[in-house]
Amino acid sequence: MNATVLVSMLATSVAAASPLLLAALGELVVERSGVLNLGIEGIMLLGALTAVAATLGSGSVLVGIACAIAAGMLLGLLFAFLTVTIRADHVVAGLAMVLLGDGLSSFAGHGLVGIDIGQNVPPLALPWISDIPALGQIFFRQNALVYFSYLMVAVVWYFLYRTRPGLALRAAGEKPSAVDVVGWNVFRIRYLAVLFGAGMAGLAGAFLSVAYLSTWAEGMTAGRGWVALALVIFAGWHPIKLLGGAYLFGFAYILIAQSQVLGGVFYMISTYVMQMFPYLMAIAVLAVMGRRAMKQRVGAPEALALPYVREER
Amino acid sequence: MAIPLWLRLPGAFVLSVFLGMAASSVVLVAVHAPVLETFRAIFDGAVGSWSALESSLVFAEPIAFTGLAAAVAFRARVWNIGGEGQMVMGAFGAGLIALNTSLPAPLMLLAVVACGMACAAIWAFISAALKVWLGVNEVLSSLMLNYVAILWVQSLVYGPWREPGGGWPYSAYFPDEARLPTLGSELDICVIFAPLIALALSTLLRFSRWGFEITVVGHSHEAARYAAISVTRITILVMLVSGALAGIAGIQQVSGSAGRLYVLTPGYGYLGILVSWLAGHDPLLVLVMAVFYGVLMQGGAALQIAQIDPSLVRIIQAAIILFALAGLTLARRSQSRLHISKVDRT
Amino acid sequence: MSQSEQGVLLSSICKRFGDIVANDCVDLVLKRGEIHALLGENGAGKSTAMNILSGVYLPDSGEIYLEGEKVRFRSPWDAVRRGIGMVHQHFQLVNAFSVLDNILLGATDASLHLHRREAADRVAAVGREHGLHVDPHALIWQLTVGQRQKVEILKLLYRGADLLLLDEPTSVLTPSEASDLYLALRRLADAGKYVVFITHKLHEVMAAADRVTVLRRGRVVASLERSEASIQKLGSLMVGASMPDLRLKGSSKPGEIALKAEGAQTKADRGTSGLNGVTLDVKAGEILGIAGVAGNGQVELAECLAGIRPLQQGKIWLNGKDVTGSDARSRLRHGLRFVPEDRLGMGLVPQFDIVDNMLLRDYRERPLAKGIWIDRRLAAKRAESLVRDYDVRAPGINTAVRALSGGNQQKILIGREILARPVALVVAQPTRGLDIAAARAVHDRLLHLREEGTGIILISEDLDEILQLSDRVVVLFEGTVRGVWSRDQADRSALGAAMGGHLLDAA
């Protein structure tokens, strides 16, 4: 493998990683606020379908993407209502979301399978920086949504660690009673976090169907929603590590694709082992974190998946 | 509200079913599909005839086992989300014996079942060990292990165990001695074992020492400590049993209907969790809910034959579950609140 | 009462929760620069009054005046904005965050961006000003309980709180940390703040307060300067009578040693002292009272004796037999029973009904156990007779225990443990949170048991209870036994001193 091939593989990795990055960034914010949304896979599917359908209907990819985000947020609203207001079990609600998203997208997408929408989000080379050797090609000759994902990492990082509402959000995931006592509304924080996360998941789905490819296929997310969950754990709920992890996983995806081309039984097995990689890494991270439980520098938010009840006045 | 206590939960459930169907009708109307015909097709295809019922039960079988698996674990408040992976490992274990050894008749089947349950239990043990000794959240660890298990079996079925010359990724057929005895045209004996096991679990949970210990651990770790019950021991025990039960679901699918190892239909493990939740984690109710769900799934298959998009039934399932989630949560909460306030007045 | 321009005034505050009157026309006058103690037993209404002042509860009637101005708080945030801050018993801190972030979380600035550097400087300055030194960048989980409390106080000071309320602040501190706290409070008061703390500990009032208001059953019974008060006086104001009469009738003849511990040592939980070599014994037919402020090893002692906590060093004998290596179950079989202080968290399963709670400790023993099965019918019979004998108010034996009142819960707990007359009984804080009648009933049971020949170890923070019931008294301080007194010798000052760590010459 020579340098050019490697560079082009890395460039494709970035593109492959971006839907993971977007969905995982969203879920990171959600989990940091104390909610566990296992339904990402379903929301991504619905987003993917909505993007295709809306693009075909309106003729504009931009509208398609906007509708995908909106669709994601609608499911997010439902999920937030169930988990934050009704205080139903997060796990069951999330699994139900997967069912709903999967069912809705398959059903509504019945007639759209395989249709080429004829346009997608074209790659956009940024002036000057795209001419940097290697790095330029890898990072700065991508489509607009990939650049958006770079931006979102910075935005999420800044929001969580450098702003007051971000501090409150993180506190809501660790000790919601402490947040309530100082005048923030834990319910509102969680609702907004869930809407954000669901919108990002919808966007991630749209990325798959109108940026990465230009078509809808049933179940096209192929488990990426679950990988996004693994990614959040692997990154220790931190946005910068998430970036690195996403590209690592993206690279693994590309390697898998390449090795399939090479064929043979040996490569078949190692393909699957590589696909296991994100999940095994997540477990390893959990185990290490567990052992260092006293050093709570990297830990699941304390109040994750615990519904919050406010005492009466 | 004046609804008597005993009516609240079943009432909430029935109401959710109707609301779910109503909501799905809205979707149907939106795409100009015939509402009544669709529901009629589901009904007929699922319960309209003996063979339809049989097919529904075929769907219900694995869900019953994964549901029982979830119920046992959740009773101890060990959140085993890994039913999916444990089921798959059960199938793997079955295949391990069936495809690689040749044992005489009764021994083979026993070995297949034993190995399947053992592999599944070991898989569950990993999450248990991580939880007990490293404090790892079992929701996350069991969830991740699901995909590792699925990919493991995929690698075998696409790779070294693949049936040569076959287009589809299947293993070779299991030898007859490794197949589960059948009952009727489609069902296998698991359909008898499921209620037996459910009954056994229900009895043990309610009346035996272990059941008591499990329930105490599920309610309060401190009380368990006071009662000299080892939370560690119970957690591991419960995960092993839960894993083994989920493993039976996997064994049933490969040694039963299919007769060979393949990539199992995804979702039965998760459906087990949903079903157990609906049933309030009561083993006997789990059976009822599993049959209910089997009916829904068979209805979906029937739709396909009737030329209607089967993914519709997934929407109906989701709608019912979402309404049930909201309704049962509220009903259960009001029930316990009512219970308490009633006493204060004495 | 005239409304002075200086001072905070609660006037005729009333608050009920359902049928319970928590505050009944409470008047409270707070002065700047003064450390004011609110004294009362559990349930006297102190926390309620403070919660009203800090905006957590809305009073049913009555007014609050801040330096002459009438105010009405609709939420805790209103009170915060007026400079009132409360440090709760259970800290509202995020363990994973730094001190600085916790303080910033509660700050009242409106800016979006967190200016951490300026804030850190300000935190350090505020800390220096009031003698509360904490590293702003330390993470909460790394700090001791005493340091965390300082963070809570800093939180209030950072946002300019003028009136500081502390709810049972020393309940989680070691005695040395408590003295540090008193110094800090003194400094704060000298700096011109209002300082109020809630307590039920008499010695604390005498040690730290300038003025004390005593509440009993929701009413103010007295308001005194420290110079006018004494432990004796405060004690009687708090419980409503002078020294409680001894309840022991006649002496039972103590028999052989029922339970004995020698050199018991075990690790400390967070916030407590652990056991550092405890030696004591109780004879059959005798009550040994173990007095002491919470956090000096009481929980560990009880659990080690009962066998549910491992001893690092030392030995335990039950009826002359060495049971150090035996687990809780075998000790139970040999007649050692245990009533823990955490009634609902440990002694009972709140969601279980009375029948299943009867099974909690004995489900493996005959006759409740039959092979692998549990005999619920027998348990139900036992439940029924318990309910009868102890006059437990419950709709039925299948009621969830959490639906019952504290007194009834305690009856079930104790009743279960003493069903078969135990050889030795370890009982901790048996009347905490109970009303007078229920407490009396519990005491009667214990005395009855004593007459039947059980050796009882009574662990209690309530000195009156200890003095009323015990044949002998020891004091537990920082994990060791300080002094042994017989019934006749025991007096409050000696005991109080020992509880505070001072050893007077024992008689």
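Refer to the structure presented above.
Rules behind the numbers
- Residues numbered from 1 in each chain as written.
- Chains lettered and ligands numbered in written order.
- Predicted model: local features only at pLDDT ≥ 70, side-chain atom pairs only at ≥ 80, totals over all residues.
- Helix = DSSP H or I, 4+ residues; strand = E, 2+ residues; numbered from the N terminus.
- Rg over C-alpha atoms; globule rule 2.2 N^0.38 Å.
- Buried ≥ 20, exposed ≤ 12 C-beta atoms within 10 Å, placed from the backbone.
- Contact = placed C-beta atoms within 7 Å.
- Nonpolar A, V, L, I, M, F, W, Y, C, P; charged D, E, K, R; others polar.
- Pairing = 2+ DSSP bridges.
- Axes fitted to C-alpha atoms, helices over the stretch in contact; angles between N-to-C directions.
- Parallel < 35°, antiparallel > 145°, perpendicular 65-115°, else oblique.

Asker: Before we move on, could you go through the overall build of chain C and cite the residues and values that matter?
Answerer: For chain C, the helix and strand inventory stands at 17 helices and 22 strands. The C-alpha radius of gyration computed for chain C amounts to 25 Å, which stays within 12% of the reference 23 Å derived for 507 residues, consistent with globular compactness. In chain C, which comprises 507 residues, the share counted as buried stands at 48%.

Asker: I'd like a description of helix 7 (residues 164–174) of chain A, backed by residues and values.
Answerer: Most of helix 7 of chain A sits inside the fold, with eight of its eleven residues counted as buried. Regarding helix 7 of chain A, the residues found buried are Leu167(A), Ala168(A), Leu169(A), Arg170(A), Ala171(A), Ala172(A), Gly173(A) and Glu174(A). Residues of helix 7 of chain A that are buried make contact with helix 1 (3–32), helix 6 (144–162), helix 8 (176–181) and helix 9 (186–212) of chain A together with helix 3 (99–105) of chain C.

Asker: Quick one: what's the story with the interface of chain A and chain C, residue by residue and with numbers?
Answerer: One frequent convention defines the size of an interface as the accessible area lost when the parts assemble. At the junction of the two partners, chain A supplies 17 residues and chain C supplies 18 residues. The greatest single-element share of the side of chain A that touches chain C, amounting to five residues, is contributed by helix 7 of chain A. Per-class residue counts for the side of chain A that touches chain C are six nonpolar, five polar and six charged.

Asker: Summarise the sheet that holds strand 1 (residues 8–17) of chain C; cite the residues concerned and give the values.
Answerer: Residues and elements named next belong to chain C. Here four strands make up an open sheet; going across it, the order is 2-1-4-5 and the pairing antiparallel. The sheet is open, and its two borders are formed by strand 2 (20–30) and strand 5 (69–71), each paired with just one other strand. Averaged over all neighbouring strand pairs, the angle between strand axes comes to 30°, with direction disregarded. Note: strand 1 against strand 4 (residues 61–66), five bridges, orientation antiparallel. Each residue of the ladder has a partner; that of Ser11, found in strand 4, is Glu63. On top of the sheet, helix 1 (residues 46–53) reaches strand 1, strand 2 and strand 4; it is set at about 115° to strand 1, its chief contact.

Asker: So what's going on with the packing of helix 2 (residues 35–47) of chain B against helix 3 (residues 50–75) of chain B? Which residues, and what values?
Answerer: All names here are of chain B. Interaxial distance between helix 2 and helix 3 falls to 5 Å at its minimum, and their mutual angle equals 85°. Between helix 2 and helix 3, the interaxial angle falls into the category roughly perpendicular. Taking contact as the criterion, the partners of Asp44, Gly45, Ala46 and Val47 in helix 2 are, on helix 3, Ala52, Leu53 and Ser56.

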